[in-house]
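In case you want the letters, here they are:
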Amino acid sequence: MLMAFRTVVRMRGTMCREKKGSNSENSSMSHCGYSEDAGCLKCDKDDASETHEDSLGEEAFDTINSSIVSGESIRFLVNVNLEVQPAQAVESELPGGCGLLHTSRKYLKLKNFEEEIRAHRDLDGFLDQASIILNETATSLDDVLRAMLLRLVHRPSNLEHKYKLHCNLEHLMAVLFTDAETPTEGRVHLLADTIQGVTATVTGVQYQQSWLCIICTSKSLIKREVCISRLLRPQNWGENCCEVRFVILVLAPPKTKSTKTATEVGRTFATMFLDINFRQKLLKTRTEEEFKEALVYQRQLLTMTDQGLNPSIKYSISSICIQKSHQLLQHKNFFPVAKGIREDFARRFPVYSLDFTDDVQKTIAGQSIGGFLYALFSGQPLVVLLTTAPLALYTHVIRGICDDYNLDFNTFYACTGLWNSFFLAFYAFFNFSLIMSLFKRSTEEIIALFISMTFVLDAVKGMVKIFQKYYFGSRIINTEHISVLSLLGLGTSLNTSFHTALNTSVLASPPELDSVSNHTHEHTSRETAMLSLFIMLGTLWLSYTLYQFKKSPYLHPYMREILSDCALPISVLTFSLICCYGFREIKMSKFRYNSSESLFKIAEMQSLSLGAIGSAMGLGFLLSMLFFIEQNLVAALANAPENRLVKGTAYHWDLLLIAIINMGLSLFGMPWIHAAYPHSPLHVRALAVVEERVENGHIYETIVNVWETRLTTLGASILVGFSLLLLPNPLQWIPKPVLYGLFLYIALTSIDANQLFERMALLLKDQASYPPTHYIRRVPQRKIHYFTGLQVLQLLLLCAFGMSPVPYMKMIFPLIMMAMIPIRYKLLPRIIEAKYLDAMDAEH
């Protein structure tokens, strides 16, 4: 990853005002903001500025007036104000209070702690006489800087120079800003010289707004001084400084060695604060000693680097084996055999230890056993395995084939599963997961939105069924849409993972509704229908409200986080208790439970004929395509760059592990499992440390880091196994409308970061309300709407097959998903320019 330095040079003058005497408007300008023009005026520099130029060297001035650098890199932004003699400033003053502001930008390299000895000496000098302010309560930038200067004045080592520093306090405050020694009516109160981290990507520049390094050179200083202040609360000090938590103040005399200038010292500390994980550690420190220990540990990490890269950064760079690249796949990419699996082992095994800092019974047992094994041995344990709706569909098709041809269901089911595992192992050994690199972000979002739509569809169909049965008095049972789990002799599972087996299939009608009452003759009860609607919407409202509660100002932040993470169980328990105790006289539909005779009965494979085995192979191949796409797609969404996972991925090994797990599940007649959406991305989100940031007046969230651990999935799998002890009661007390509400909640939370849904919403928004996203800035509005319309057409194509009432059409659903690859690479570039397609498919 390339590193560089960025400098903004200003010539101090007076700004033009639209109205003379608008001092109030000028004073409200941001301390850290600045104006930029397409052109620049050359200006003479005084001695102090020449000192800065000498310290930066020729390399620093190679890219003056440079714009955004292509590629992804992390850089420093330095704002340098070139002082002009007072006489010159007066002469340049124009009628009406107009003046000149010279802006320029520069990039500098990061400090190399492995090679540059001065980096260690800068930090050692600071640690010997550390000036650290923890939990600063001041809110304005002037007050914060004044408190930092006072801390430097009263430091024991400065006692002999205390009087001189105190006398120069106001002078130092003045030279920190651009309005020093300028006429009152022309003052522009901007910081004169700052260092700020930025991340340059293909979609634009993102500022690191949580820290700010301010450097100053003054002839009144005798030696270098450094002070670090941690603010009690984030402060908004203007453009690109909307959430400042750390301020680093560096002071230095002008005549000093080139490696000891204020810029070089500031570069040392800025390199350390560039790491977002390091800043998070500093926020958790309680004493100055802990703060200094964190600085020392960060220096060790930077020193241990190879070629200037942090170990965590090395993980993140080497972790993605499925990259969205423009290079075409070749035959050699799939050989030698098991190359991808070996690379997955080499990538994940060194950090393995760090990860530990046919009924309801069969469904739960399979989920518990498979989830436990995957959490223990997988390369990416944050992925959640579930029995999904398309898998229930395949089981329904297999049951129909067995009924038509008089085959033993358990045996044919096991044979199909074994063929599926064989093909998955074949894909893993020959590195077929590389094909997923052809799936662009837009394609992934189409499939993700389709899955979200199926949750909504199942919830709506379930409620319609309740109204047909209770509100309109319909007693007709559609035998063509019998629940697939009922066909298996299974009920539906109830655990915190919300098995989509409760939905039976993507399109199958909801499970048959059973009354709490054991009476044979049921009567029409409109109260049941209306209460079911109330319970479903109430569950949705409570769960989503608690999920968003972390953004509210109420309670302690840790309490808000706990309530947000526990939104689902709280909403389930609340409305289940409301149904059971608040409305006892109203009968509610519950899921069906049939006890199983044996959980571990191996299928008798010898009873199948060769024709049946061949048919099972065809079904297993189609099933393996579904496994292959969904497993890799969900894993890619969980490992998205914006999630900042650093321990690496293991697509090939995880696919092989899925094959082994489902081979065992098939032999014992347990439901198949694979990576589930949106549960896996939501699991990653639940383990993430999230920050809110402001860009052009719009608030957005960004993930700081994720606690990559196996303990959560291991614990969840164990608890799922223990839930067998809760059957039939109290799990059977949970009414189905509560589950339908949870399906709506899953769908609602899964579309939060879906760009396809966001762009569809743009059609209903005023153009002035468009968010400042990268595609809004780089793509014409008409092209955005064209692209969105084409995505909607592809979504409708998926719905036509995935939601078809004909079961056999749903079986070719994986082929339709694969067909979206040539659509994206061959058809769409004929309609929209490739540069616009790449911009809208960008990761950030």
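Residues numbered from 1 in each chain as written. Predicted model: local features only at pLDDT ≥ 70, side-chain atom pairs only at ≥ 80, totals over all residues. Heavy atoms only, no water.

**Some details on the packing of helix 15 (residues 409-429) against helix 21 (residues 610-638)**
Two elements in contact, helix 15 and helix 21, have axes whose closest approach is 7 Å; the angle formed by their N-to-C orientations is 50 degrees. On the basis of the axis angle, helix 15 is oblique to helix 21. Handedness of the crossing formed by helix 15 with helix 21: right-handed. Residues that form the contact of helix 15 with helix 21 fall into these classes: 16 nonpolar, five polar and no charged. (Axes fitted to C-alpha atoms, helices over the stretch in contact; angles between N-to-C directions. Helix = DSSP H or I, 4+ residues; strand = E, 2+ residues; numbered from the N terminus. Parallel < 35°, antiparallel > 145°, perpendicular 65-115°, else oblique. Left-handed = near helix turned anticlockwise from the far one by under 90°. Nonpolar A, V, L, I, M, F, W, Y, C, P; charged D, E, K, R; others polar.)

**Quick notes on the pairing of strand 7 (residues 225-235)**
Of all 11 residues making up strand 7, eight are buried, and the element is well covered by its neighbours. Here three bridges tie strand 3 (residues 132-136) to strand 7, and the two strands are oriented parallel to one another. Within the sheet, the bridge partner assigned to Ile133 lies in strand 7 and is Ser229. Bridge count for strand 7 against strand 8 (residues 244-252) is seven bridges, and the pairing is antiparallel. Paired with Ile228 across the bridge in strand 8 is Ile248. (Buried < 20%, exposed > 50% of the residue type's maximum accessible area, 1.4 Å probe, protein only. Pairing = 2+ DSSP bridges.)

**Quick word on unusual backbone geometry**
Omega for the bond connecting Tyr677 with Pro678 falls within 30 degrees of zero, at 5 degrees, which places this linkage in the cis form. Located in the positive-phi region is Asn431, a residue other than glycine, with phi close to 60 degrees. For Asn431, the location among the structural elements is in the loop between helix 15 and helix 16 (441-471). Exposure remark for Asn431: the relative accessible area of 2% places this residue in the buried category. One non-glycine residue, Leu555, adopts positive backbone phi at about 65 degrees.

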